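Geometric and topological summary
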Amino acid sequence: MVSKFNKKHVVSIKDFSKEEIDFVLDLAGDMTEIAKGNKSDDSLKGNILGTLFFEPSTRTRLSFESAMKRLEGACIGFARAGTSSVKKGETLADTVQVISSYVDIIVLRHPQEGAARLAAKFSEKPIINAGDGAGQHPTQTLLDLFTIREEKDEIENKKIGIAGDLKYGRTVHSLTHALSMYDCDLTFIAPASLQIPDEIIKDIEKMDIKYRKAENITDVLDDLDVLYMTRIQRERFPSDEEYEEVAETYKIKKDMLENVKDDMIIMHPLPRVDEIYSDVDSTTHAKYFKQAANGVPIRMALLKLLTEGYNE
Ligand code: CP
């Protein structure tokens, strides 16, 4: 296979063309049995992944570690900044420069927007952005796209509603940019104070895709092929009263799904709090746990592409 992927780092989904995204998704498709442990692959034997997590994570960190170990590579790193020398005042630039001499590839999560781009300047080895503040979360976007493609056969021509905190949610920002490369129809569902930022709207308008804004999920739910939920962040509201006024309109319960399309899927990057009730989990619409599992083959594909392990 001739690689259509020649990136050194994965910092933002905006750095990807549609062709490159499709190439990663195709390779991830080939990885699914290895990700489940049903087939073996030792292509990253001898490689070390460094996981630098300055913010909490369950899925991203552990799915990267699982992906690396399934390919017989090794992992070192930290899950809390407090256990590294950053606690003593070491800069991110120095930290990355040093660790890049210990490992073959680095996964970085950091609260500061732009941290991964900065790290890439100081690293000899590939940097993968695992979330930088309210900026980007490109590997989440790739697994989101993979999930839509797996569940709906294609991404094009789908009516996709994105609900919750669209202002600060990095998964939403990355996903919106990526979906604008596909010919789909987007609905941004949020209270006015948490709607999608204008600069992202300007970007997607350049791509000439259809979009609309809505305040209430129930107004648009029955028309959607995909509902992508995110957590409405109580802490973003000026008062608890203002949060309580809108909160119920951003919660999905089983009894709200009676009139949705039979094959409508519900996704969520997780963690959820109470925006999807547990009674939805047993419906055929719920795909968020499958989506989380898809993090492993996607991250295997990226690890292979960014190291010398991919020689086919
Ligand atoms: N979706 C996601 O990024 O989850 P974690 O914060 O648990 O990594």
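The rules we used
- Residues numbered from 1 in each chain as written.
- Predicted model: local features only at pLDDT ≥ 70, side-chain atom pairs only at ≥ 80, totals over all residues.
- Heavy atoms only, no water.
- Helix = DSSP H or I, 4+ residues; strand = E, 2+ residues; numbered from the N terminus.
- Rg over C-alpha atoms; globule rule 2.2 N^0.38 Å.
- Areas by Shrake-Rupley, 256 points an atom, 1.4 Å probe, with all protein chains shown as cover.
- Lys, Arg positive; Asp, Glu negative; His and termini not counted.
- Charge placed at Lys NZ, Arg CZ, Asp CG, Glu CD.
- Salt bridge = Lys/Arg side-chain N within 4 Å of Asp/Glu carboxyl O.
- Buried < 20%, exposed > 50% of the residue type's maximum accessible area, 1.4 Å probe, protein only.
- Near = heavy atom within 4 Å.
- Polar contact = N/O pair within 3.5 Å; in protein donor to acceptor, adjacent residues only side chain to side chain.
- 1 Å grid on protein atoms, 1.4 Å probe; cavity = no way out; pocket = protein on both sides within 12 Å on 5 of 7 lines; lining within 4 Å.
- Sits in = over half its atoms within 2 Å of the grid points.
- Nonpolar A, V, L, I, M, F, W, Y, C, P; charged D, E, K, R; others polar.

Quick notes on the overall build of the protein chain
- Helix and strand counts for the protein chain stand at 11 helices and 9 strands.
- Its C-alpha radius of gyration of 19 Å places the protein chain within 12% of the 20 Å reference for a compact globule of 312 residues.
- If you line up the protein chain on its principal axes, its C-alpha atoms span 55 × 45 × 40 Å.
- Carbon and sulfur atoms form 45% of the exposed surface of the protein chain, whose accessible area is close to 13800 Å².
- Looking at the protein chain, you have 42 positive and 54 negative side-chain charges, and the mean spots of the two groups are 4 Å apart.

Concerning the pattern of salt bridges
- Inspection of every chain in the model, using the stated rule, returns 21 salt bridges.
- Between Arg-117 and Asp-15 there is a salt bridge, with the nearest N and O atoms lying 3.2 Å from each other. Of this pair, Arg-117 sits in helix H4 (residues 115-122) while Asp-15 sits in the segment before helix H1 (18-35); the two residues are 102 residues apart in sequence, bridging distant segments of the chain.
- Residue Asp-15 is classed as partly exposed on the basis of its relative accessible area, which comes to 32%.

Quick look at the site of the ligand
- The ligand sits among Ser-57, Thr-58, Arg-59, Thr-60, Arg-109, His-137, Gln-140, Pro-269 and Leu-270.
- Within the side chain of Ser-57, an N or O atom sits 2.6 Å from an oxygen atom of the ligand.
- For the ligand, the accessible surface in isolation is 260 Å², of which the surrounding protein chains cover 90%.
- With respect to the detected pockets, the ligand is housed in the largest pocket.
- Taken together, the residues that form the shell around the ligand break down as 2 nonpolar, 5 polar and 2 charged.

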